[in-house]
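Survey of secondary and tertiary structure
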Amino acid sequence: MNIETWFNTNRQYSDEGQIVHAKNEDGVITFADVTRNVYGQINQDDYATDWSIASASVFQALVMKHYDRNWFYPSIEAYHYLLYCQTKEEI
């Protein structure tokens, strides 16, 4: 299942809250926190999580669960996704 979304956690890291973009593409979850300039990837097979049945709201919750626990790794692909999402936010 491929999905791409963005959401505001409403955590007070800025006046706008905390904007996070996330996508699931071919079994790799990539996220970009454009507010805090944090990015990373989560392997779908990691941590025994069944991402394939996740609704949009569950997908967001799973991304934040992994993000908050540092269950992700940096990658050049995730960095490029951050830059892409920052550009989208400026438009």
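Our subject in this report is the structure included herewith. In this text the structure is predicted, and so the values were computed from the model without any measurement.

Okay, the overall build of the protein next. Across its full length, the protein holds two helices and four strands. Mapped from its N terminus to its C terminus, the protein presents α and β elements in the order β-β-β-β-α-α. Computed over its C-alpha atoms, the radius of gyration of the protein comes to 12 Å, within 12% of the 12 Å expected for a compact globule of 91 residues. Dimensions of the protein, computed from C-alpha atoms along their principal axes, come out at roughly 35 × 25 × 20 Å. Of all 91 residues assigned to the protein, the portion counted as buried reaches 37%.

Residues Phe7, Ala22, Ile29, Phe31, Trp51, Phe59 and Val63 are the most contacted members of the largest nonpolar core, which totals 14 residues. Counting only elements with at least two residues in this core, the list comes to strand E1 (3–8), strand E2 (19–25), strand E3 (28–33) and helix H1 (56–68). The element that contributes the greatest number of residues to this core is H1, accounting for five residues. Phe7 has contacts with Gln18, Ile19, Val20, Ala22, Gln60, Val63 and Met64, leaving out every residue within four places of it along the chain. Val34, Tyr81, Leu82 and Cys85 belong to the second-largest nonpolar core, a separate cluster that totals six residues.

The rules behind each value
Residues numbered from 1 in each chain as written. Predicted model: local features only at pLDDT ≥ 70, side-chain atom pairs only at ≥ 80, totals over all residues. Heavy atoms only, no water. Helix = DSSP H or I, 4+ residues; strand = E, 2+ residues; numbered from the N terminus. Rg over C-alpha atoms; globule rule 2.2 N^0.38 Å. Buried < 20%, exposed > 50% of the residue type's maximum accessible area, 1.4 Å probe, protein only. Core = buried A, V, L, I, M, F, W, Y, C linked by side-chain atoms within 4.5 Å. Contact = heavy atoms within 4.5 Å.

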